[in-house]
Amino acid sequence: MELPKRVKVGPFWIEVVYPYRFTERGDLCAQFQSGTQRILVNDVDQGGNIHAPAYVWQAFMHEVIEAMEWVYVIGAFPRAQADEVEREGRIDRMAMAWLALHKDNPLLLSGDWFS
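Residues numbered from 1 in each chain as written. Predicted model: local features only at pLDDT ≥ 70, side-chain atom pairs only at ≥ 80, totals over all residues. Heavy atoms only, no water.

Draft legend 1. Spotlight on the pattern of salt bridges. One pass over the structure, following the stated rule, counts three salt bridges. A salt bridge links Arg21 to Asp43, with the nearest nitrogen and oxygen atoms 2.9 Å apart. Separated by 22 residues along the polypeptide, Arg21 in the loop between strand S2 (12-17) and strand S3 (30-33) and Asp43 in the loop between strand S4 (38-41) and helix H1 (53-72) bring together distant segments of the chain. Using a relative accessible area of 48% as the deciding quantity, one classes Arg21 as partly exposed. Arg90 is the salt-bridge partner of Glu86, the closest N and O atoms lying 3.5 Å from each other. Here Arg90 and Glu86 lie together in helix H2 (residues 84-104), a separation of four residues that amounts to about one turn. Given a relative accessible area of 37%, Glu86 falls into the partly exposed group. Taken together, the salt bridges that share partners define one network made up of Glu86, Arg90 and Arg93. (Salt bridge = Lys/Arg side-chain N within 4 Å of Asp/Glu carboxyl O. Helix = DSSP H or I, 4+ residues; strand = E, 2+ residues; numbered from the N terminus. Buried < 20%, exposed > 50% of the residue type's maximum accessible area, 1.4 Å probe, protein only.)

This is the structure in structure tokens:
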């Protein structure tokens, strides 16, 4: 499977590294790094099992939302108001919703109105 090599979020081009193997933390599937402006996405779990494409796309979209939150300071997922598990869960649900929206509505991001 393939992911974009980079995504533009605001004025920043965020590099996408896929597949990336997290040697420092085996429990990570993906991570946005604001300092290096990279999204790292793993293709296997801790046991070496290959992630399903839908899982990889959801993890990737999760990190894109993290990047959007960082760039635009949206405040939709504040760290101070919820513990990290709750915050990550909300971002996961938003990522799944965006993926479903785009999959189910292929013309949503096409057309002349973007010109």
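Draft legend 2. Just the pairing of strand S1 (residues 6-9), in detail. Of the two faces of S1, the one lined by Val7 and Val9 is fully buried and the one lined by Arg6 and Lys8 carries no buried residue. The hairpin turn running from S1 into S2, its antiparallel successor, is two residues long, and Gly10 in that turn takes a positive phi close to 60 degrees. (Pairing = 2+ DSSP bridges.)

Draft legend 3. Representation of the sheet that holds S2 in the model. Taken in spatial order, the four strands of this open sheet run S1-S2-S4-S3, and their pairing is mixed. Of all the strands in the sheet, the pair left with one neighbour each is S1 and S3. Averaged over all pairs of adjacent strands, the angle between their axes in this sheet comes to 20 degrees, without regard to strand direction. Of the pairings in the sheet, the one linking S3 to S4 comprises four bridges and is antiparallel in character. Paired with Gln31 across the bridge in S4 is Leu40. Each of S1, S2, S3 and S4 is contacted by H1, which is oriented at about 20 degrees to S3, the strand it contacts most. (Axes fitted to C-alpha atoms, helices over the stretch in contact; angles between N-to-C directions. Contact = heavy atoms within 4.5 Å.)

Read these as spatial facts, not as claims about activity.
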